[in-house]
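# Results of the structural survey
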Amino acid sequence: MRAVVQTVDRASVTVDGEVVGAVRDGLLVLLGVTHTDTPETARTMARKVYELRILDDERSAAEVAAPILVVSQFTLYGDARKGRRPTWTAAAPADVAEPLVDEMVRALRERGAAVETGRFRTHMLVESVNVGPRTILLDL
């Protein structure tokens, strides 16, 4: 599992003209799933994201109750080392990835996080205003 975590002033996901998820003063998490990921991987990622000391004064979302917007992003497993056209073979197929993204979101909520999400298998418009900018790649 791979996540790009960004601190944001605001972030939102729009599908077909409707905002389906939005946060202010929190984290935007772009989440990719690979073939070997498990529910345990998703729970570990949730813990790492929630406790990541990336916010002001080296605080975490858990410490300051910062909301989190999670957006599935299979392209995090794109490989463009050969040529100009990426291959997506390392990305888990949607029927494998979706339950693991859901598990990560569930695990965040169980920890007390306020979580918004994108919508799986749709064309999403993701907007963000980054703070810092501070961006971390978590790779499990």
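The structure contained in this document is the topic of the report that follows. (Residues numbered from 1 in each chain as written. Predicted model: local features only at pLDDT ≥ 70, side-chain atom pairs only at ≥ 80, totals over all residues. Heavy atoms only, no water.)

What follows is about the nonpolar core. Counting 30 residues, the largest nonpolar core has Leu-27, Val-29, Val-49, Ile-68, Val-70, Met-104 and Leu-108 as the members making the most contacts within it. Within the residue set of this core, elements represented by two or more residues are β1 (2-15), β2 (18-32), α1 (39-51), β3 (68-72) and α3 (94-110). Among the elements that line this core, the one with the most residues is α3, at seven residues. If we ignore the near neighbours within four places in the chain, the residues touching Ile-68 are Val-23, Leu-27, Val-29, Val-49, Tyr-50, Ala-61, Leu-108, Ala-113, Ala-114, Val-115 and Glu-116. Of all hydrophobic cores here, the second largest spans twelve residues; its members include Val-4, Val-20, Leu-28 and Leu-76. (Core = buried A, V, L, I, M, F, W, Y, C linked by side-chain atoms within 4.5 Å. Buried < 20%, exposed > 50% of the residue type's maximum accessible area, 1.4 Å probe, protein only. Helix = DSSP H or I, 4+ residues; strand = E, 2+ residues; numbered from the N terminus. Contact = heavy atoms within 4.5 Å.)

Another point: the packing of aromatic side chains. Per the stated rule, a full pass over the model turns up one aromatic pair. Ring geometry for Phe-74 against Trp-88: centres 5.3 Å apart, planes inclined by 75°, an arrangement best described as edge-to-face. Note that Phe-74 is positioned in the loop between β3 and α3 and Trp-88 in the loop between β3 and α3, a separation of 14 residues in sequence. Owing to a relative accessible area of 47%, Phe-74 belongs among the partly exposed residues under this scheme. (Phe/Tyr/Trp six-rings, centres within 6.5 Å; stacked < 30°, edge-to-face > 60°.)

Let us look at the environment of Leu-30. Topologically, Leu-30 is positioned in strand β2. Residue classification places Leu-30 among the buried residues on the basis of a relative accessible area of 17%. Sequence spacing of Leu-30 and Gln-73 is 43 residues, and the spatial spacing of their C-alpha atoms is 5.6 Å.

A separate point is the environment of Pro-67. With respect to the helices and strands, Pro-67 occurs in the loop between α2 (61-64) and β3. Assessed through its relative accessible area of 19%, Pro-67 is described here as buried. Sequence separation between Pro-67 and Ala-94 is 27 residues; the distance between their C-alpha atoms is 25 Å. When sequence neighbours within four positions are dropped, the list of residues in contact with Pro-67 reads Val-23, Arg-24, Asp-25, Gly-26, Leu-27 and Ala-114.

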